[in-house]
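# Results of the structural survey
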Amino acid sequence: MIRTLASSHSVSQNIPSSLWKLGRLNHVAIAVPDLEKAQSLYKDVLGAQVSETVALPEHGVYTVFVELGNTKLELLHPLGEKSPITSFLQKNKTGGMHHICIEVDDINAAMAELKKKKIRILSEEPKIGAHGKPVIFLHPKDCHGVLVELEQA
Ligand SMILES: C[C@@H](C(=O)O)C(=O)SCCNC(=O)CCNC(=O)[C@H](O)C(C)(C)COP(=O)(O)OP(=O)(O)OC[C@H]1O[C@@H](n2cnc3c(N)ncnc32)[C@H](O)[C@@H]1OP(=O)(O)O
Ligand SMILES: [Co+2]
């Protein structure tokens, strides 16, 4: 149902009764064809605090984190022949927004419920993500065109 916003700014709350809930936005990930150039943009041009490059062979990516205070950017570059971001970069040659990562308080409960709701989860089990915590990915075609990563808070 569509509600027209008049004088009130209250947002209608429709909280499903589930065993888990969404938390903070952990990061927004950007896939880039040249990691050093992207690192330099955020560090030298925009003046952000930027991490070293970390290789995550389990995920097939190199990552760099940019600190933004309320959240982070994750710069991604393919690692290895089977990187999950290779075809994305072939389609988006100058790079582009690749996924968002939202924290959850119980990733196993989230996984069980989302499976029941026919949202495709892109691994059999959670993997350990860039912050040493379990993560899963939800298929972009089941999330209105956005690849969604869920990370155990
Ligand atoms: C370290 C960790 C962390 O932060 O802790 C990370 O983030 S690791 C970050 C890297 N890891 C991951 O992304 C893992 C999960 N991702 C995957 O398994 C894959 O990337 C898929 C999402 C399945 C897509 O794989 P691939 O691009 O090879 O498949 P595909 O070319 O057949 O794509 C299927 C359809 O999805 C679309 N598609 C592909 N990637 C997309 C994306 N990032 N956002 C939105 N749509 C996307 C394609 O355009 C295509 O749509 P059309 O059919 O309409 O053309
Ligand atoms: Co990520």
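The structure under discussion appears in the preceding block.
Here we summarise the structure given alongside this text. (Residues numbered from 1 in each chain as written. Chains lettered and ligands numbered in written order. Predicted model: local features only at pLDDT ≥ 70, side-chain atom pairs only at ≥ 80, totals over all residues. Heavy atoms only, no water.)

Moving on to helix H1 (residues 35-45). Regarding H1, the residues found buried are Leu35, Ala38, Gln39 and Tyr42. Buried residues along H1 cover an arc of 100° about the axis, so they all sit on one side. Exposed and facing more than 90 degrees away from the buried side of H1 are Glu36, Lys37, Asp44 and Val45. By the N-cap criterion, in which a side-chain oxygen at the helix start approaches the backbone nitrogen of a residue two or three places on, H1 is capped by Asp34, the distance to Glu36 being 3.1 Å. (Buried < 20%, exposed > 50% of the residue type's maximum accessible area, 1.4 Å probe, protein only. Helix = DSSP H or I, 4+ residues; strand = E, 2+ residues; numbered from the N terminus. Arc of directions from axis to C-beta. Polar contact = N/O pair within 3.5 Å; in protein donor to acceptor, adjacent residues only side chain to side chain.)

What follows concerns the coordination of the cobalt ion (ligand 2). Looking at the metal site, the cobalt ion (ligand 2) is ligated by His27 (NE2), Glu74 (OE), His99 (NE2) and Glu149 (OE), spaced 2.1 to 2.3 Å from it. Taken together, the 6 donor atoms surrounding the cobalt ion (ligand 2) define angles of 75 to 171° at the centre, an arrangement classified as octahedral. Read in sequence order, the donor residues for the cobalt ion (ligand 2) give the motif H-x46-E-x24-H-x49-E. With a gap of 25 residues between them, Glu74 in strand S5 (residues 72-78) and His99 in strand S6 (residues 96-104) connect regions that are remote in the sequence. Note on Glu74: relative accessible area 5%, which makes it buried. (Donors = N, O, S within 2.8 Å, 3.2 Å for Na, K, Ca; no water. Tetrahedral: all angles 85-135°; square planar, octahedral: opposite > 155°, others 65-115°.)

Taken together, the neighbourhood of ligand 1 is formed by 22 residues, with Glu74, Ser87, His98, Ala130 and Lys141 sitting nearest. Contact between ligand 1 and Pro84: an oxygen atom at 3.0 Å from a main-chain N or O atom of the residue. For ligand 1, an oxygen atom lies 2.9 Å from a polar atom in the side chain of Glu149. In the complex, the protein chains occlude 71% of the 1,000 Å² of accessible area that ligand 1 would expose alone. (Near = heavy atom within 4 Å. Areas by Shrake-Rupley, 256 points an atom, 1.4 Å probe, with all protein chains shown as cover.)

Okay, the state of the cysteines next. Taken as a whole and assessed by the stated rule, the structure comprises 0 disulfides. With no disulfide of its own, Cys101 lies closest to Cys143 among cysteine sulfurs, the gap being 13 Å. Judged by relative accessible area, Cys101 falls into the buried class, the value being 0%. (Disulfide = S-S within 2.5 Å.)

Attention now moves to the pairing of strand S4 (residues 61-67). With respect to burial, S4 is a largely interior element, 5 of its 7 residues being buried. Alignment of strand S2 (residues 49-50) against S4, held across 2 bridges, turns out to be antiparallel. Looking across to S4, one finds that Gln49 is bridged to Glu67. Judged from the 3 bridges that link them, strand S3 (residues 54-56) and S4 form a sheet pairing that is antiparallel. What sits directly across from Val54, in S4, is Thr63. Where S3 hands over to S4, the hairpin turn is made up of 4 residues, of which Gly60 adopts a positive phi near 70°. Note: S4 against S5, 7 bridges, orientation antiparallel. (Pairing = 2+ DSSP bridges.)

Below, the discussion takes up helix H3 (residues 107-116). Residues Ile107, Ala109, Ala110, Met111, Glu113 and Leu114 constitute the buried set of H3. The backbone nitrogen of Asn108 lies 3.2 Å from a side-chain oxygen of the residue at the head of H3, namely Asp106. Downstream of H3 by a residue or two, Lys118 has a phi angle that is positive, lying close to 65°.

Below, the discussion takes up the layout of surface pockets. For the largest pocket, the calculated volume is near 460 Å³. In terms of lining, the largest pocket is formed by 26 residues, of which the most central are His59, Pro84, His98, Lys127 and Phe137. Element by element, the count of residues in the lining of the largest pocket is highest for strand S8 (residues 134-138), at 3 residues. Partitioning the lining of the largest pocket into residue classes produces 12 nonpolar, 9 polar and 5 charged. (1 Å grid on protein atoms, 1.4 Å probe; cavity = no way out; pocket = protein on both sides within 12 Å on 5 of 7 lines; lining within 4 Å. Points joined across faces, edges and corners; volume = space filled by probe spheres on them. Nonpolar A, V, L, I, M, F, W, Y, C, P; charged D, E, K, R; others polar.)

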